[in-house]
Amino acid sequence: MTLQPSDSKAGYRGVSRVEGRSKARFIASVWRAGKHVHLGSFTTAMQAAFAYARTPEARAAVANPRPAPLTAEEAVAQAAAEGITLERSNCASGYKGVRIGVRRESFGIRYEAQVRRARKQVFLGSFATAEEAALAYTRTPEAQAEAAKPKPTSLTAKEAVAQAAAEGFTLQRSKCASGYKGVEVAARVNCAYERYRAKVSFAGKPVFLGCFDTVEEAALAVARALPKRGIGASRG
């Protein structure tokens, strides 16, 4: 049985230090089938480390050690060596396909990479740096296919309003959070998307029109779809 050291406050992998009113206690936990499993509370870090070390997950980790985490600089250099570019984003993590996860102090994890695949969100892994998570996302076929396609230049708010007027459309205002009918504000934690989503309803079912950087461009997409027979704007 091997106790795995860590740079966490507890000093061991799978162990968290919790400060109590009178004294600190140590909690052992393990990630199992995508869930956080509590193993127990202990007086010392070593006792908690032994509880973690007894799990099948810990034994497997010792038998098949993961490669050392990449620093931010190393991840950027590796991307360059592979001829790929880490795509920046205006989300909290700073990179597309990467979100800031709940910090798991005992495992040194901060960032999670994910990709949209077959209409489902697929988890790619957890990483200590945003750059290594971005590297995992950028390596996916979906990210590479998207990078290969020329992305149309986004319209600014003024450009979208002017384009709507030129096409004879009116951007319909609404009392919803976005301010426009058929447009919703996308969750900023999911960095695989831009800030606004446009959708309409067809035969009683929502039809997704796309994601946009500005609410006005999303509203323009809705205005263009409305004249089509049988289509109406979804409620924001």
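See above for the structure.
Residues numbered from 1 in each chain as written. Predicted model: local features only at pLDDT ≥ 70, side-chain atom pairs only at ≥ 80, totals over all residues. Heavy atoms only, no water.

## Some remarks on the side chain of Thr140
Thought 1: By secondary structure assignment, the location of Thr140 is in the loop between helix 4 (130–138) and helix 5 (141–148).
Thought 2: Its relative accessible area of 5% is what places Thr140 among the buried residues.
Thought 3: A polar side-chain atom of Thr140 sits 2.7 Å from the main-chain carbonyl oxygen of Tyr137.
Thought 4: Once you skip the residues sitting within four places of it in the chain, Thr140 turns out to touch Val115, Arg117 and Leu124. (Helix = DSSP H or I, 4+ residues; strand = E, 2+ residues; numbered from the N terminus. Buried < 20%, exposed > 50% of the residue type's maximum accessible area, 1.4 Å probe, protein only. Polar contact = N/O pair within 3.5 Å; in protein donor to acceptor, adjacent residues only side chain to side chain. Contact = heavy atoms within 4.5 Å.)

## Some details on a nonpolar patch on the surface
Thought 1: Together, Met1, Met46 and Phe50 make up an exposed nonpolar region whose accessible area comes to about 300 Å².
Thought 2: Within the secondary structure, Met46 is located in helix 1 (residues 45–53).
Thought 3: For Met46, a relative accessible area of 44% puts it in the partly exposed group. (Patch = residues over 30% accessible without salt bridge, like charges linked within 9 Å, V, L, I, M, F, W, Y side chains within 5 Å. Areas by Shrake-Rupley, 256 points an atom, 1.4 Å probe, with all protein chains shown as cover. Salt bridge = Lys/Arg side-chain N within 4 Å of Asp/Glu carboxyl O.)

## A closer look at unusual backbone geometry
Thought 1: Despite not being glycine, Ala203 shows a phi value in the positive range, around 55°.
Thought 2: Along the chain, Ala203 falls in the loop between strand 8 (196–202) and strand 9 (205–212).

## Section: the nonpolar core
Thought 1: Judged by nonpolar contacts, the single largest core of 16 residues is most densely connected at Leu171, Tyr180, Val183, Ala198 and Ala218.
Thought 2: Elements that contribute at least two residues to this core include exactly strand 8 and helix 7 (215–225).
Thought 3: When residues in this core are grouped by element, the largest group, 8 residues, is from helix 7.
Thought 4: Among residues more than four places away in sequence, those in contact with Ala218 are Val183, Tyr196, Ala198 and Phe212.
Thought 5: In this structure, Leu86, Tyr111, Ala113 and Ala134 belong to the second largest nonpolar core, which totals 13 residues. (Core = buried A, V, L, I, M, F, W, Y, C linked by side-chain atoms within 4.5 Å.)

## Focus: the packing of aromatic side chains
Thought 1: All told, the structure shown has 0 aromatic pairs when counted by the stated rule.
Thought 2: The cationic tip of Arg173 hangs over the ring face of Tyr180; the distance from NZ or CZ to the ring centre is 4.4 Å. (Phe/Tyr/Trp six-rings, centres within 6.5 Å; stacked < 30°, edge-to-face > 60°. Lys NZ or Arg CZ within 6 Å of the ring centre and 35° of its normal.)

## A short note on the environment of Tyr196
Thought 1: Within the secondary structure, Tyr196 is located in strand 8.
Thought 2: Assessed through its relative accessible area of 14%, Tyr196 is described here as buried.
Thought 3: For the pair Tyr196 and Glu217, spaced 21 residues apart in the sequence, the C-alpha separation amounts to 8.8 Å.
Thought 4: Ignoring any residue separated from it by four or fewer positions in sequence, one finds Tyr196 in contact with Val183, Glu184, Val185, Ala186, Gly210, Cys211, Phe212, Asp213, Thr214, Val215 and Ala218.

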